Amino acid sequence: GGLVEPPLAFVEGDRSLPPAGQIAAIRQQLVERIGLGSDDLCGEFEVRFKDEQGVGSAVLREWMDIVAREAFLHPQQRLLRSYDRHQTFWPDPAAPFCNPQWQMDFEALGRLLGLALWQSCTLDLPLHP
């Protein structure tokens, strides 16, 4: 048999999006089964920022940090909440009541954490131990 190419997951990140736009972009990836929503996150995962040329592991790490901070830590999303002045974050118990897309958002968060582990990256996402 021939060599099988690893699957490619591609994301075009946009630094200019507000937090609501970042989470909307992540939700769209899950719906379209691209980027974080790809069937296989263990292959190549490429990120480029809109109107920028850079690509590679540093760009991937930067995108993951932006998504973690803007999409998941922003209080408006009602996904994670801090009880110790933003030192650590817990799942927000009000998420099912305040965020109609909480299940999709937590799935995306889990996929982001899994991708970070797979890529051996640390995230700017201080979850409570």
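Residues numbered from 1 in each chain as written. Predicted model: local features only at pLDDT ≥ 70, side-chain atom pairs only at ≥ 80, totals over all residues. Heavy atoms only, no water.

Q: Explain the packing of aromatic side chains to me, please; I cannot follow it from the model alone.
A: Applying the stated criterion across every chain, the model contains two aromatic pairs. With a centroid separation of 5.8 Å and 35° between ring planes, the pair formed by phenylalanine 45 and tryptophan 63 is classed as tilted. Of this pair, phenylalanine 45 sits in strand β2 (residues 44-49) while tryptophan 63 sits in helix α2 (residues 57-72); the two residues are 18 residues apart in sequence, bridging distant segments of the chain. A single burial state applies to phenylalanine 45 and to tryptophan 63, both of which are buried. For the pair tryptophan 102 and phenylalanine 106, a centre-to-centre distance of 6.4 Å together with 75° between the ring planes defines the contact as edge-to-face. Remark: phenylalanine 106 and tryptophan 102 occur in helix α4 (residues 102-118); sequence separation between them is four residues, near one turn of the helix. The exposure class of phenylalanine 106 is partly exposed, given its relative accessible area of 23%. The lysine or arginine in question, arginine 15, covers the ring of phenylalanine 49, its NZ or CZ lying 3.9 Å from the ring centre. (Phe/Tyr/Trp six-rings, centres within 6.5 Å; stacked < 30°, edge-to-face > 60°. Helix = DSSP H or I, 4+ residues; strand = E, 2+ residues; numbered from the N terminus. Buried < 20%, exposed > 50% of the residue type's maximum accessible area, 1.4 Å probe, protein only. Lys NZ or Arg CZ within 6 Å of the ring centre and 35° of its normal.)

Q: I would appreciate a short explanation of the nonpolar core in the present structure.
A: By size, the foremost hydrophobic cluster in this structure holds 31 residues, and its most contacted members are Phe45, Trp63, Met64, Phe72 and Leu112. Those elements that place two or more of their residues in this core are β1 (8-13), α1 (19-32), β2, α2 and α4. Considering each element in turn, this core owes the most residues, nine residues, to α2. Beyond its immediate stretch of four places on either side in the chain, phenylalanine 45 contacts Ala9, Val11, Gly35, Leu36, Leu60, Trp63, Leu115 and Gln119. (Core = buried A, V, L, I, M, F, W, Y, C linked by side-chain atoms within 4.5 Å. Contact = heavy atoms within 4.5 Å.)

Q: Can you help me understand the side chain of glutamine 77 in this one?
A: Mapping glutamine 77 onto the fold places it in the loop between α2 and β3 (80-81). Among the polar contacts listed, one links the side chain of glutamine 77 to the backbone oxygen of proline 19, at a separation of 3.3 Å. Among residues more than four places away in sequence, those in contact with glutamine 77 are Pro19, Ala20, Ile23, Glu70, Ala71 and Asn99. (Polar contact = N/O pair within 3.5 Å; in protein donor to acceptor, adjacent residues only side chain to side chain.)

None of this, on its own, says anything about what the molecule does.
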